[in-house]
Amino acid sequence: MSLFGYILTVPQTQRAHIVVICTMNLKEYKVVVLGSGGVGKSALTVKFVTGQFVEKYDPTIEDFYRKEIDVDNNPSILEILDTAGTEQFASMRDLYIKNGQGFLLIYSLLNRQTFTDLKPMRDQILRVKNSDSVPLILVGNKSDMFDEREVSASEAKVLAEEWGCPHFETSAKNNSNVDEVFTEIVRRMKTTQKGSSSKGGCCVIL
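The rules behind these values
- Residues numbered from 1 in each chain as written.
- Predicted model: local features only at pLDDT ≥ 70, side-chain atom pairs only at ≥ 80, totals over all residues.
- Heavy atoms only, no water.
- Salt bridge = Lys/Arg side-chain N within 4 Å of Asp/Glu carboxyl O.
- Helix = DSSP H or I, 4+ residues; strand = E, 2+ residues; numbered from the N terminus.
- Buried < 20%, exposed > 50% of the residue type's maximum accessible area, 1.4 Å probe, protein only.
- Pairing = 2+ DSSP bridges.
- Axes fitted to C-alpha atoms, helices over the stretch in contact; angles between N-to-C directions.
- Contact = heavy atoms within 4.5 Å.
- Right-handed = clockwise from strand over helix to strand, strands pointing away.
- Arc of directions from axis to C-beta.
- pLDDT = per-residue confidence, 0-100.

By the definition in use, this model includes ten salt bridges. Here lysine 30 ties to glutamate 79 by a salt bridge, and the two come within 3.7 Å at their closest N and O atoms. Here lysine 30 is found in strand β3 (residues 27-35), whereas its partner glutamate 79 is found in strand β5 (residues 74-83), with 49 residues between them in sequence. Of the residues examined, lysine 30 reaches a relative accessible area of 33% and is grouped as partly exposed. On the basis of relative accessibility, which here comes to 9%, the residue glutamate 79 falls in the buried class. Ionic pairing is found between glutamate 169 and arginine 149, a salt bridge with its closest N-O pair at 2.8 Å. Here glutamate 169, found in strand β8 (residues 167-169), pairs with arginine 149, found in the loop between β7 (136-141) and α5 (153-163); they are 20 residues apart in sequence, far enough to count as distant.

Moving on, we get to the sheet that holds β7. Spatially, six strands are ordered β4-β5-β3-β6-β7-β8 in an open sheet, and the strand pairing comes out mixed. Only two strands of the sheet have a single partner each, and these edge strands are β4 (62-71) and β8. Shown here is a sheet whose adjacent strand axes are inclined to one another by a mean of 25°, direction ignored. Judged from the six bridges that link them, strand β6 (residues 102-108) and β7 form a sheet pairing that is parallel. Residue pairing across strands places tyrosine 107 opposite glycine 140, the latter belonging to β7. Each of β3, β6 and β7 is contacted by helix α4 (residues 118-129), which is oriented at about 170° to β6, the strand it contacts most.

Our focus in this paragraph is helix α1 (residues 41-50). Most of α1 sits inside the fold, with eight of its ten residues counted as buried. Looking only at α1, the buried set comprises Lys41, Ser42, Ala43, Leu44, Thr45, Val46, Lys47 and Phe48. Its buried side turned inward, α1 meets β3, β4, β5, β6, β7 and α6 (178-193). Positive phi appears at glycine 51, one or two residues downstream of α1, with a value of about 85°.

Walk down a regular strand and you will see the side chains alternate between the two sheet faces. Both β4 and β5 contribute to a ladder of ten bridges, which runs antiparallel. Residue tyrosine 65 lies in a different strand from β5, and its bridge partner there is isoleucine 80.

In terms of burial, β7 is largely enclosed, as six of its six residues are buried. Where burial is concerned, the two faces of β7 agree: the one with Leu136, Leu138 and Gly140 and the one with Ile137, Val139 and Asn141 are both buried. The parallel pair β7 and β8 is bridged by α5, and the resulting crossover is right-handed.

Residues of α5 that are buried: Ala156, Leu159, Ala160 and Trp163. Mapping the buried residues of α5 onto a view down its axis gives an arc of 100°, with all of them on the same face. Across from the buried face of α5, at angles greater than 90 degrees, the exposed residues are Lys157, Val158, Glu161 and Glu162. Where α5 is buried, its residues contact β6, α3 (112-116), α4, β7 and β8.

On to the environment of serine 176, then. Along the chain, serine 176 turns up in the loop between β8 and α6. In contact with serine 176, not counting residues within four places along its chain, are Ser143, Glu169, Thr170 and Ser171.

Here we take up the confidence of the model for the chain. Per-residue pLDDT for the chain has a mean of 83; in total, 77% of the residues score no lower than 70. Here residues 1-23 is a poorly scored stretch, pLDDT under 50, and it has 40 contacts once near neighbours within four places are set aside; other chains count. Between residues 195-206, whose pLDDT stays under 50, and residues either more than four places distant or in other chains, the model counts 21 contacts.

In structure tokens form, the structure reads like this:
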């Protein structure tokens, strides 16, 4: 919840001040970051949330972050679930997906297998959500290591077109397209939910 305060002063002749305090509930969006182990999900998330690049990171089981984000002059709260990429925790994905509203499907540009691994993850999202239209973005990470890439931009674009979703190439190290990816997934979640009723605010006059 955010608190906005406005002070309105009436003419001096009335010798009074009116303070209006308005509260507004910010809309919350839940995004789930999915992908195989070692693709840089945590590095990308931490870079977005804190601005710091973490080169070495312990394997994630589950990390949860909240950050206020302004998209198209509309502030909201983004809840980010950074999930485990190892097969050991794959059974937990149904729960993550059920609670998520938007999804970042991350692969490493340096590892073709991580690109291939995303198709069953996307199929799982559609199955759990029981919908063919779910906000998601295909993200190729580690673009700073261009010379070592195994997945071309053109084949990723073809897959993104097949899935009907955007495709970004990112680098947490160089801060390339990091904010853009999270901003775009919020836009897509907002579009999906635009028919739902919005929460209002209230004003208290003191």
